[in-house]
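Here is what each chain is made of, one letter per residue.
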Amino acid sequence: MKVSPSLLSADFAHLAEELEFINASDADMLHLDVMDGVFVPNISFGFPVMKYVNKHCQKPLDVHLMIVEPQKFVAEVKDCGAEIMTVHYEACVHLNRVIQQIHDAGMKAGVSINPATPVCLLKDILQDVDLVLLMSVNPGFGGQKFISGTIEKVKELRQLIAVTGSKAIIEVDGGVNAETGAKLAEAGVDMVVAGNYVFKSEDRTAAIASLKKL
Ligand code: DX5
Ligand code: ZN
């Protein structure tokens, strides 16, 4: 299983040390959660912080935009060195165009859906995206409880990906730990995001290893 630790749960007063830990770890990517206080009821960090993160982080950046009108910020996200830019289905009126803009800027494109959004709505965009991010909590905060219905959604998405011939990988975000991670791995997930489980653990290296081996 690939692992993308979420910086949201890190200690922002010691960002350089947190990034050194990530660089030395077995993490595959670093997940950056951008929140605008409109699409979600919280505000996290933005481009000035992410530019410095990019400067010091050796892992590819997996940027999750929980904002309205993400199409306005494609160039800024690219400037921050993102490898993947993921936007929410619920935040894009013209999703196909946004995905094209992300590709034109030279990034991989991801689409995310909230827990209440059905997987079947992705049918006509699956061919065009590199990643689908299934939210297993309502976005906005780290440390929430995993919504168990996500497992069925993963299975449904796996089938839809096969039927449509899509090359998209499946990432799941929210409440992931060794226990929920094992169920996700069995259901066919390629990559998990883990915030609290990694950064609030006493042994962070072991926490990452416990997900990597799934
Ligand atoms: C939630 C964010 C997540 C969050 C995950 O809105 O999208 O990436 O950081 O945190 P945990 O793993 O603690 O649920
Ligand atoms: Zn996220």
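Note that the coordinates shown come from a computational prediction; the quantities given were computed from them, not determined experimentally. (Residues numbered from 1 in each chain as written. Chains lettered and ligands numbered in written order. Predicted model: local features only at pLDDT ≥ 70, side-chain atom pairs only at ≥ 80, totals over all residues. Heavy atoms only, no water.)

Trainee: How would you sum up helix H1 (residues 15-24)? Please name residues and give values.
Mentor: Residues separated by three or four positions in an α-helix point in the same direction, a consequence of the helix having 3.6 residues per turn. All of the buried residues along H1 are Glu18, Leu19, Phe21, Ile22 and Asn23. The secondary structure elements touched by the buried residues of H1 are strand S1 (2-5), strand S2 (30-35), helix H2 (47-56), helix H7 (196-199) and helix H8 (204-212). (Buried < 20%, exposed > 50% of the residue type's maximum accessible area, 1.4 Å probe, protein only. Helix = DSSP H or I, 4+ residues; strand = E, 2+ residues; numbered from the N terminus. Contact = heavy atoms within 4.5 Å.)

Trainee: Outline unusual backbone geometry, supporting the account with residue identities and numerical values.
Mentor: Backbone geometry places glutamate 69, a non-glycine residue, at a positive phi of 50°. Tracing the chain through its elements places glutamate 69 in the loop between strand S3 (61-66) and helix H3 (74-79). Relative accessible area serves as the criterion here: at 36%, glutamate 69 is assigned to the partly exposed category.

Trainee: Just give me the short version of the coordination of the zinc ion (ligand 2), but keep the residues and values in it.
Mentor: In an ideal octahedron of six donors the angles at the metal are 90 or 180 degrees, and in an ideal tetrahedron of four donors they are 109.5 degrees. The coordination sphere of the zinc ion (ligand 2), as far as protein atoms go, consists of His31 (NE2), Asp33 (OD), His64 (ND1) and Asp173 (OD), spread over 2.0 to 2.3 Å. Viewed at the metal, the 6 donor atoms of the zinc ion (ligand 2) are separated by angles of 70 to 169°, and the geometry they form is octahedral. Written as a sequence motif, the donor arrangement for the zinc ion (ligand 2) is H-x1-D-x30-H-x108-D. Taken together, the residues span a long stretch of sequence, with histidine 31 in strand S2 and aspartate 173 in strand S7 (residues 169-173) at a distance of 142 residues. You'll find histidine 31 and aspartate 173 in the same group, each marked buried. (Donors = N, O, S within 2.8 Å, 3.2 Å for Na, K, Ca; no water. Tetrahedral: all angles 85-135°; square planar, octahedral: opposite > 155°, others 65-115°.)

None of this, on its own, says anything about what the molecule does.
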